[in-house]
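Take a look at the letters that make up each chain.
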Amino acid sequence: MATGQVFLIAGGGLAAAAAAKTLRAEGYDGRLVIVGEEPGLPYERPPLTKEYLRGESGPDALLAQPPAFYEEAGIDVMDGRRAVGLDPAGRRLTLSGGDVLSFDRLLVATGSHASRPSLPGIDEPWVFVMRTASDADRLRTAAGVASSAVVVGGGWIAAETAASLRQLGLAVTLVVNGAEVLERHLGPVVGRDLTALHERNGVRVVRSARAVALESAGGRRGVRLASGELVEGDLAVLGLGAAPATALATAAGLAVDDGIVADEHLATAAESVFVAGDVASAWHPRYGTRVRSEHWAGVATGASAARAAANALPI
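Computed from a prediction, not measured in an experiment: that's the story for all the values here.

**Student:** Please explain the sheet that holds strand β14 (residues 220-225) as it appears in this structure.
**Tutor:** Backbone hydrogen bonds hold the strands of a sheet together, and the pairing may be parallel or antiparallel. Overall, antiparallel pairing links the 3 strands, which are arranged β13-β14-β15 in an open sheet. A single partner strand is all that each edge strand has here, and the edge strands are β13 (211-217) and β15 (230-232). On average, each strand axis in the sheet is tilted by 30° relative to the strand beside it, whichever way the strands run. Where β13 and β14 come together, 6 bridges link them in antiparallel fashion. Counted as the bridge partner of Ala-211 is Leu-225 from β14.

The following block contains the structure:
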């Protein structure tokens, strides 16, 4: 099926890996290329704030598929290459470095990037975000020579990172903008239990607080709160959510509204372009609206989009 055709996947996460695996499993035998901005093969992100950050597992444990899978399946992985330009009508994808790839179908699975608010001090070398394996590597190295940390955020990334840094022996303060840890995700009852769990394990939780600056002066560094308090720490981690990586689609003229707009089959208005994963804002017939999910289960959209795109390929 589709011999001589080219299927490109822009993005190197789980949705990309699932799409590639599905295409081969269902008989697509044309050229199949994954273009990933990060170095290495597609990998899972959930362990980054947990066992990977703590050094209990290495990079190989993160991989969505072992290296041999891509070789045996005839899947080209162009890692460390960012897709910087898209011409949907001409069916061309431009990569960093200037290479231009032609395609019959393109699946955009560029995922999300960590939110970096415009706070004073955001670019200080002791300030971190957590989204990629390299982010976790940098933070682990810094934690190895630090004695304290301030983690800002009330969601999963912040809560898990705070727990892991505490397990690594740091004195940790977790600053949440709500009343409890993970309250927005799990409600106040479970939130209180999780706050208490953190506190029992030695994490100081500062509730209903908002960070306004990252400050370093006179031998002191830390997170300045709207209340005026300076929460001191050798390093700071901002776990303030993520935003869909839509720059490629926006520049190409595709519709973007909290993600790349797609129909229930994950197809965009450009007949050659489909979307999957965190970046997809797809119509959901059951809810009668578009839905964008950052949950791990969003990997399933990679398989779904691959099937839809493959079925749309000319024979």
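Picking up after the structure, the text goes on.
**Student:** Explain the packing of helix α4 (residues 156-167) against helix α5 (residues 183-200) to me, please; I cannot follow it from the model alone.
**Tutor:** The description of two packed helices rests on the angle between their axes and on the distance between the axes. Running from amino to carboxyl end, α4 crosses α5 at an angle of 15°, the nearest separation of the two axes being 12 Å. Taken together, the axes of α4 and α5 lie roughly parallel to each other. At the point where α4 passes α5, the crossing takes the left-handed sense. Within the contact between the two elements, α4 uses Trp-156, Ala-159, Ala-162 and Ala-163 and α5 uses His-185, Leu-186 and His-198. Across the contact of α4 with α5, the residue classes tally to 5 nonpolar, 2 polar and no charged.

**Student:** In this structure, what is going on with the nonpolar core? I would like to understand it.
**Tutor:** Burial of nonpolar side chains together is a common tendency in soluble globular proteins. Residues Ile-9, Leu-93 and Leu-106 are the most contacted members of the largest nonpolar core, which totals 53 residues. A total of 6 residues in this core trace back to one element, the largest contributor, which is helix α1 (residues 14-25). Non-local contacts of Leu-106, meaning those with residues more than four positions away in its chain, are made with Leu-8, Ala-10, Leu-86, Leu-93, Ser-272, Val-273 and Phe-274. Membership of the second largest hydrophobic core comes to 30 residues, among which are Tyr-52, Ala-133, Ala-146 and Ala-162.

**Student:** Can you help me understand the packing of aromatic side chains in this one?
**Tutor:** What describes a pair of aromatic rings is the distance from one ring centre to the other and the angle between the planes of the rings. Evaluated as defined, the whole model comprises 2 aromatic pairs. Plain terms: the ring middles of Phe-7 and Tyr-28 are 5.9 Å apart, the flat faces sit at 70° to each other, and that makes the pair edge-to-face. Remark: Tyr-28 occurs in the loop between α1 and β2 (31-36) and Phe-7 occurs in strand β1 (residues 6-10); sequence separation between them is 21 residues. Judged by relative accessible area, which is 0%, Phe-7 ranks as buried. Residue Tyr-28 is classed as buried on the basis of its relative accessible area of 2%. Cation over ring: Arg-140 sits above Tyr-52, and NZ or CZ is 4.7 Å from the ring centre.

**Student:** Looking at this model, I keep getting lost on a nonpolar patch on the surface. Mind explaining?
**Tutor:** Side chains of Trp-156, Leu-186, Val-189 and Val-190 sit close together on the surface and give an oily, nonpolar patch of about 350 Å² of accessible area. With 3 residues, the single largest contributor to the nonpolar patch is α5. With respect to the helices and strands, the residue Leu-186 is situated in helix α5.

**Student:** Explain the pairing of β2 here, please?
**Tutor:** If a strand is regular, its side chains alternate between the two faces of the sheet. β2 sits mainly inside the fold: 5 of its 6 residues count as buried. Relative to β2, β1 runs parallel, the two being bridged by 5 bridges. When the sheet's bridge partners are listed, Ile-9 is paired in β2 with Ile-34. With 5 bridges connecting them, β2 and strand β3 (residues 75-79) associate as parallel partners. Bridging from a neighbouring strand, Ile-34 pairs with Val-77 of β3. Following the backbone out of β2, through helix α2 (residues 67-73) and into the adjacent parallel β3, one traces a crossover that is right-handed.

**Student:** How should I be thinking about the sheet that holds β2 in this particular structure?
**Tutor:** Spatial strand order, β3-β2-β1-β7-β19: 5 strands in an open sheet with parallel pairing. Whereas interior strands pair on both sides, the edge strands pair on one side only; in this sheet they are β3 and β19 (273-275). Pairs of neighbouring strands in the sheet enclose a mean axial angle of 20°, with direction left out of account. With 3 bridges joining them, strand β7 (residues 105-108) and β19 adopt parallel strand pairing. Looking across to β19, one finds that Leu-107 is bridged to Phe-274.

Rules and cut-offs
- Residues numbered from 1 in each chain as written.
- Predicted model: local features only at pLDDT ≥ 70, side-chain atom pairs only at ≥ 80, totals over all residues.
- Heavy atoms only, no water.
- Pairing = 2+ DSSP bridges.
- Helix = DSSP H or I, 4+ residues; strand = E, 2+ residues; numbered from the N terminus.
- Axes fitted to C-alpha atoms, helices over the stretch in contact; angles between N-to-C directions.
- Parallel < 35°, antiparallel > 145°, perpendicular 65-115°, else oblique.
- Left-handed = near helix turned anticlockwise from the far one by under 90°.
- Contact = heavy atoms within 4.5 Å.
- Nonpolar A, V, L, I, M, F, W, Y, C, P; charged D, E, K, R; others polar.
- Core = buried A, V, L, I, M, F, W, Y, C linked by side-chain atoms within 4.5 Å.
- Buried < 20%, exposed > 50% of the residue type's maximum accessible area, 1.4 Å probe, protein only.
- Phe/Tyr/Trp six-rings, centres within 6.5 Å; stacked < 30°, edge-to-face > 60°.
- Lys NZ or Arg CZ within 6 Å of the ring centre and 35° of its normal.
- Patch = residues over 30% accessible without salt bridge, like charges linked within 9 Å, V, L, I, M, F, W, Y side chains within 5 Å.
- Areas by Shrake-Rupley, 256 points an atom, 1.4 Å probe, with all protein chains shown as cover.
- Salt bridge = Lys/Arg side-chain N within 4 Å of Asp/Glu carboxyl O.
- Right-handed = clockwise from strand over helix to strand, strands pointing away.

From the geometry alone we can't say anything about function, so treat these as descriptive.
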